[in-house]
Amino acid sequence: IEGRDRAYCGHCSKPVYRNAKPCGGVLVVDDEQVLLVKRTNPPAVGSWSLPAGFLEVDEPPEIAAARELREETGVSVTPDDLELFETNLIDHGDGAHVLVIIYRTTLSAVSGDVQAGSDAGDAQFWHIDELLAAGESIELGHESIMRRAIAET
């Protein structure tokens, strides 16, 4: 259908779209470190990732990203202090896809004390090499984005 292999309705032959769910996330960079959360919810439970989550139906991506940062880490940022940095399409392996709209900001632009929210096992600034040397894992597909965010700040 439409030049692609697609699922379609057996009754009316219209395509059944399986669009990616949009998420907003923020990389807070402090010199050579980045603020990360330890995931407690699927996917990638137990790995470290940027604070991020699904957009609400009436929420622009930058508002969602700022909300998720506050909810997961206890620090706040105004959407005006966010720079669109990257988009990342993630295949969860179960047929679900997520499009993460990633923003970047600096430590000087945020306020509050870092404290893991209810849906994060931990929240802290990490140097990527130290995180990996400690035997921790980074959510698949995010390490190179984090390294680039640090390098380009």
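Check the entry above for the structure.
As the structure is a prediction and not an experimental result, all values here were calculated from the model. (Residues numbered from 1 in each chain as written. Predicted model: local features only at pLDDT ≥ 70, side-chain atom pairs only at ≥ 80, totals over all residues. Heavy atoms only, no water.)

### Topic: the overall build of the protein
Part 1: Counting its secondary structure elements, the protein contains three helices and nine strands.
Part 2: Traced from its N-terminal end to its C-terminal end, the protein shows the element sequence β-β-β-β-β-β-α-β-β-β-α-α.
Part 3: Along the longest, intermediate and shortest principal axes, the C-alpha atoms of the protein span 55 × 35 × 30 Å.
Part 4: Taking all 153 residues of the protein together, the buried fraction comes to 37%.
Part 5: Counting 12 positive and 27 negative side-chain charges, the protein places the averaged centre of each group 10 Å from the other. (Helix = DSSP H or I, 4+ residues; strand = E, 2+ residues; numbered from the N terminus. Buried < 20%, exposed > 50% of the residue type's maximum accessible area, 1.4 Å probe, protein only. Lys, Arg positive; Asp, Glu negative; His and termini not counted. Charge placed at Lys NZ, Arg CZ, Asp CG, Glu CD.)

### A closer look at unusual backbone geometry
Part 1: Looking along the chain, the bond that leaves Pro 42 and enters Pro 43 is cis, with omega of 0°.
Part 2: Mapped onto the elements of the fold, Pro 43 is located in the loop between β4 (33-39) and β5 (48-49).
Part 3: Even without glycine at this site, Asp 31 takes up a positive phi of about 60°.
Part 4: As for its position among the elements, Asp 31 is in the loop between β3 (21-30) and β4.
Part 5: Among the residues examined, Asp 31 registers a relative accessible area of 64% and is labelled exposed.
Part 6: In this structure, Ala 44 is a non-glycine residue whose phi angle is positive, near 60°.
Part 7: Within the secondary structure layout, Ala 44 lies in the loop between β4 and β5.

### Quick notes on the layout of surface pockets
Part 1: In this structure, the largest pocket spans a volume of roughly 400 Å³.
Part 2: The wall of the largest pocket is formed by 25 residues, among which Arg 39, Pro 42, Pro 43, Ala 52 and Phe 54 lie closest to the centre.
Part 3: Classifying every residue of the lining of the largest pocket by side-chain character gives eleven nonpolar, seven polar and seven charged.
Part 4: Residue lining of the second largest pocket: Arg 4, Asp 5, Arg 6, Ala 7, Val 16, Tyr 17, Arg 18, Asn 19, Ala 20, Leu 89 and His 97, and that is the complete set.
Part 5: Partitioning the lining of the second largest pocket into residue classes produces five nonpolar, two polar and four charged. (1 Å grid on protein atoms, 1.4 Å probe; cavity = no way out; pocket = protein on both sides within 12 Å on 5 of 7 lines; lining within 4 Å. Points joined across faces, edges and corners; volume = space filled by probe spheres on them. Nonpolar A, V, L, I, M, F, W, Y, C, P; charged D, E, K, R; others polar.)

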